[in-house]
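# Coordinates in review
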Amino acid sequence: VCKEGTEECVSEIFVPGTEPGMRPAEKETAAPRFRQPVEGLALAADPRIPDGLEVFRFTIDGAEQAEEILWTVDGKTFRTRAPFYDWNVRRGSHAVSAQVKRSGAQAVSLTPVRFVVR
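In this report, the structure presented in the accompanying data block is examined. Everything numeric in this text was worked out from a predicted model, so none of it was measured.

About the criteria used
- Residues numbered from 1 in each chain as written.
- Predicted model: local features only at pLDDT ≥ 70, side-chain atom pairs only at ≥ 80, totals over all residues.
- Heavy atoms only, no water.
- Helix = DSSP H or I, 4+ residues; strand = E, 2+ residues; numbered from the N terminus.
- Core = buried A, V, L, I, M, F, W, Y, C linked by side-chain atoms within 4.5 Å.
- Buried < 20%, exposed > 50% of the residue type's maximum accessible area, 1.4 Å probe, protein only.
- Contact = heavy atoms within 4.5 Å.

Moving on to unusual backbone geometry. The step from Gln-36 to Pro-37 runs through a cis peptide bond, and the omega angle for that step is 5 degrees. With respect to the helices and strands, the residue Pro-37 is situated in the loop between strand E1 (33-36) and strand E2 (41-43). Despite not being glycine, Asp-74 shows a phi value in the positive range, around 50 degrees. The residue Asp-74 is located in the loop between strand E4 (68-73) and strand E5 (76-80) in this model.

Pasting the structure below:
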């Protein structure tokens, strides 16, 4: 990018798929994956926050807002349309998995992630 009337130029760097002028259909769709939690994560429950009020946000990269996502946490299933789920923190060992349903495409099942809350 150059300033008008000068030869002073600055290069811009863009994340692949976000370059100016690209239409959404041209962007590559990344395979969904957990951003958090990660396998083996160890969380500490905050003793200052009452039980039932402390949450941990599960997040999936590569899942657009309009998709349906089925989250399974310790055998209980929850449904969202957003790529995140606010889970009420409970002490113990836990497992979370998710199934991302894209319109017009086959559902993608994410590998279960195990984590612990102390």
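And the narrative resumes.
The next subject is the nonpolar core. Phe-34, Phe-58, Ile-60, Trp-71, Trp-87 and Val-96 are the most contacted members of the largest nonpolar core, which has 20 residues in total. Counting residues per element, the ones that place at least two in this core are strand E3 (55-61), E4, strand E6 (84-88), strand E7 (92-101) and strand E9 (113-117). Leaving out residues up to four positions away in the same chain, Val-96 has contacts with Phe-34, Pro-37, Phe-58, Trp-71, Thr-72, Val-73, Thr-111, Pro-112, Val-113 and Phe-115.

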